[in-house]
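Overview (structure and organization)
Okay, here's what each chain looks like letter by letter:
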Amino acid sequence: MSSTSPFRTAIVPAAGLGTRFLPTTKAVPKELLPVVDTPGIELVATEAAEAGASRLVIVTSPGKDAVAQYFRPQPELEQTLAERGKDHLLAKVRRAPELLQVETAIQDKALGLGHAVGCAEGNLTGEDDAVAVLLPDDLVLPRGVLTRMAEVRAQYGGSVLCAFDIPREEISAYGVFDVREIGEQDVKRVVGMVEKPKADQAPSTFAAAGRYLLDRAVFEALKRITPGAGGELQLTDAIALLIAEGHPVHVVVHRGGRHDLGNPGGFLRAAVDFALEDPEYGPDLRQWLEGRIGTA
């Protein structure tokens, strides 16, 4: 591993039922719903690969194997496309399987994000001093924050998280970091975390996003925390334990945007945003939207 990519394995928790997208998710996993023509899980996997990951561990539930199947080669389809001269489609089909090595871990019960991450411990080897965790519902734009997080870990060690600077009046909907300045722009040391504080009691306006670069020590911490409501193990509780024990934790404040693919409204906004940037679909969509909004 290079000094700027101190991890090789990325974990993507994808065991949920996708209840907010029912009835579609009776048959199609939420992670495979297309943002224009590319599933969200591929966008997240691409981000991990660009940051240095060579392995992707998808934490899934029993019987939900379609997400991992998406990353496997499809020889018959590829041969058909090649024979028909559809090289541009062939390239799209081959893109995901060529990104990185994909494995699965099974989460038998939905017992929280911390539990989901812990389920992937058996997939790790002695080479995994740190792991990235990417929540597939979060698209962090532009890509690159995980690469910056890897650089910060290489410099300071420990664990590195992604944060957004949220208006204080909206901060109560988020997990919020208590931070200290270290003299480096958009990098701060974390001394505590507060879940969904009142706006006037929040220790900062820096809120947790769905990107984590975690030291291997987090797996031992997950075994020592107490389950919360519903018997769930929270990843933030394990991180808070590491902080209390002197483990270095930093945040990288990301100044870009994000899309929440976890609900239909956020998913639609992401699809429109990506489509407007697409050279094939963007111009016609923009013209249609302008006319449609004008008649609303």
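Procedures and definitions
- Residues numbered from 1 in each chain as written.
- Predicted model: local features only at pLDDT ≥ 70, side-chain atom pairs only at ≥ 80, totals over all residues.
- Heavy atoms only, no water.
- UniProt positions renumbered as here; feature names shortened; annotations may be inferred.
- Helix = DSSP H or I, 4+ residues; strand = E, 2+ residues; numbered from the N terminus.
- Phe/Tyr/Trp six-rings, centres within 6.5 Å; stacked < 30°, edge-to-face > 60°.
- Buried < 20%, exposed > 50% of the residue type's maximum accessible area, 1.4 Å probe, protein only.
- Lys NZ or Arg CZ within 6 Å of the ring centre and 35° of its normal.
- Salt bridge = Lys/Arg side-chain N within 4 Å of Asp/Glu carboxyl O.

The name given to the protein chain in an unreviewed UniProt entry is UTP--glucose-1-phosphate uridylyltransferase, with the source organism recorded as Kutzneria albida DSM 43870. The annotation that UniProt attaches to the protein chain under Sequence similarities (unreviewed entry) is "Belongs to the UDPGP type 2 family." The UniProt entry for the protein chain carries the following text under Catalytic activity (unreviewed entry): "alpha-D-glucose 1-phosphate + UTP + H(+) = UDP-alpha-D-glucose + diphosphate".

1. So, the UniProt feature "domain: Nucleotidyl transferase" (unreviewed entry) in the protein chain
If you check UniProt for "domain: Nucleotidyl transferase" (unreviewed entry), the listed places come out as residues 10–273 in our numbering. As annotated, residues 10–273 has a helix share of 29% and a strand share of 28%, and its two end C-alpha atoms lie 26 Å apart.

2. Things to note about the packing of aromatic side chains
For any pair of aromatic rings, geometry is given as the distance between the ring centres together with the angle between the planes. Applying the stated criterion to the full structure yields 2 aromatic pairs. When the ring of Phe-21 is compared with that of Phe-267, the centres are 5.8 Å apart and the planes differ by 75°; the resulting orientation is edge-to-face. Taken together, the residues span a long stretch of sequence, with Phe-21 in the loop between strand S1 (9–13) and strand S2 (34–35) and Phe-267 in helix H9 (residues 264–277) at a distance of 246 residues. In this pair, the class of Phe-21 matches that of Phe-267, namely buried. Where Tyr-70 meets Phe-71, the ring centres are 5.5 Å apart and the plane angle is 90°; that geometry is what we call edge-to-face. For Arg-258, the ring lying beneath its charged end belongs to Phe-164, and the centroid distance is 5.2 Å.

3. Quick word on the pattern of salt bridges
Going through the model one piece at a time under the given rule, you end up with 21 salt bridges. The partner of Arg-143 in a salt bridge is Glu-50, with the nearest N and O atoms 2.9 Å apart. Linking Arg-143 in the loop between strand S7 (138–141) and helix H6 (145–156) with Glu-50 in helix H1 (residues 40–50), this pair joins segments that are 93 residues apart in sequence. The partner of Lys-223 in a salt bridge is Glu-121, and the shortest N-O contact between them spans 3.4 Å. Note that Lys-223 is positioned in the loop between helix H7 (218–222) and helix H8 (235–244) and Glu-121 in the loop between helix H5 (113–118) and strand S6 (130–134), a separation of 102 residues in sequence. For Lys-223, a relative accessible area of 52% translates into the label exposed. Bridged by salt links that share partners, the residues Arg-8, Arg-55, Glu-103 and Asp-128 form one connected network.

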